[in-house]
Amino acid sequence: MATKQEVKEYLAYWFQLGKKVVVGNGKATFLPTPVLKGDRYSQEFEECWQTILSQTTGDCYLEGTCETIRELLTPAWEVSACGRCEMPVPMRSVGMPALLCPCNDLPDWPNTELPAPRSPISNQEQLMLIRQRLQNHISTTNK
């Protein structure tokens, strides 16, 4: 079963590539920008996420897919890496997989020359990990 956090991350990754969430059979679309704000998701993204989860919004789906966000939050779905582009994609827990990855209509994706979409990261935490690795390396080379 895909957790809310996995579905949220799935949308955040695809928003970073310009994919929109379609609401009401194309009556409206959402594409929050920016998606990330330092070590967390942006306020625009969080507001969009709450709108998507709202019962009054109706069916929403990622552009280029058929599965609604509400469906993805049921036990029938998981979020896994695409075999072609490594981006998160929905997969049925049992039965046939989704027909297409959202990357199927992005002509220049995957593009390994561009930074890949990502989740928010804490610069402080990353710097602490680098510092710890350096200290471990120095301590092992001095022995």
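Look above for the structure.
A short tour of the structure in this document, coming up. Note that the coordinates shown come from a computational prediction; the quantities given were computed from them, not determined experimentally. (Residues numbered from 1 in each chain as written. Predicted model: local features only at pLDDT ≥ 70, side-chain atom pairs only at ≥ 80, totals over all residues. Heavy atoms only, no water.)

Considering all chains together, one arrives at 2 aromatic pairs under this definition. Between Phe-15 and Phe-45 the ring centres are 5.9 Å apart and the planes differ by 75°, which places this aromatic pair in the edge-to-face class. Here Phe-15, found in helix H1 (residues 4–16), pairs with Phe-45, found in helix H2 (residues 43–53); they are 30 residues apart in sequence, far enough to count as distant. Residue classification places Phe-15 among the buried residues on the basis of a relative accessible area of 4%. With relative accessibility at 1%, the residue Phe-45 sits in the buried group. Measuring from ring centre to ring centre gives 4.7 Å for Tyr-41 and Phe-45, while their planes differ by 35°; the resulting arrangement is tilted. One exposure class covers both Tyr-41 and Phe-45, and it is buried. An aromatic cluster is present here, built from Phe-15, Tyr-41 and Phe-45 joined pairwise through their rings. (Phe/Tyr/Trp six-rings, centres within 6.5 Å; stacked < 30°, edge-to-face > 60°. Helix = DSSP H or I, 4+ residues; strand = E, 2+ residues; numbered from the N terminus. Buried < 20%, exposed > 50% of the residue type's maximum accessible area, 1.4 Å probe, protein only.)

Ranked by internal contacts, the top residues of the largest apolar core, which has 31 residues, are Leu-11, Trp-14, Phe-15, Val-21, Ile-52 and Cys-85. Counting residues per element, the ones that place at least two in this core are H1, strand E1 (21–23), H2, strand E5 (60–62), helix H3 (69–72) and strand E6 (77–81). Ranked by residues supplied to this core, first place goes to H1 with 7 residues. Ignoring anything within four residues of it in the chain, the contact list for Phe-15 reads Lys-20, Val-21, Phe-30, Leu-31, Pro-32, Val-35, Phe-45, Cys-48 and Ile-52. (Core = buried A, V, L, I, M, F, W, Y, C linked by side-chain atoms within 4.5 Å. Contact = heavy atoms within 4.5 Å.)

The next point concerns the sheet that holds E1. Spatially, E2-E1-E5 is the arrangement adopted by the 3 strands of the open sheet, whose pairing is antiparallel. Two strands lie at the open edges of the sheet, namely strand E2 (28–30) and E5, each paired on one side alone. Strand-to-strand twist across the sheet, computed as the mean angle between neighbouring axes with direction ignored, equals 30°. Pairing of E1 with E5 involves 3 bridges; the strand directions are antiparallel. (Pairing = 2+ DSSP bridges. Axes fitted to C-alpha atoms, helices over the stretch in contact; angles between N-to-C directions.)

In short, geometric facts, not functional conclusions.
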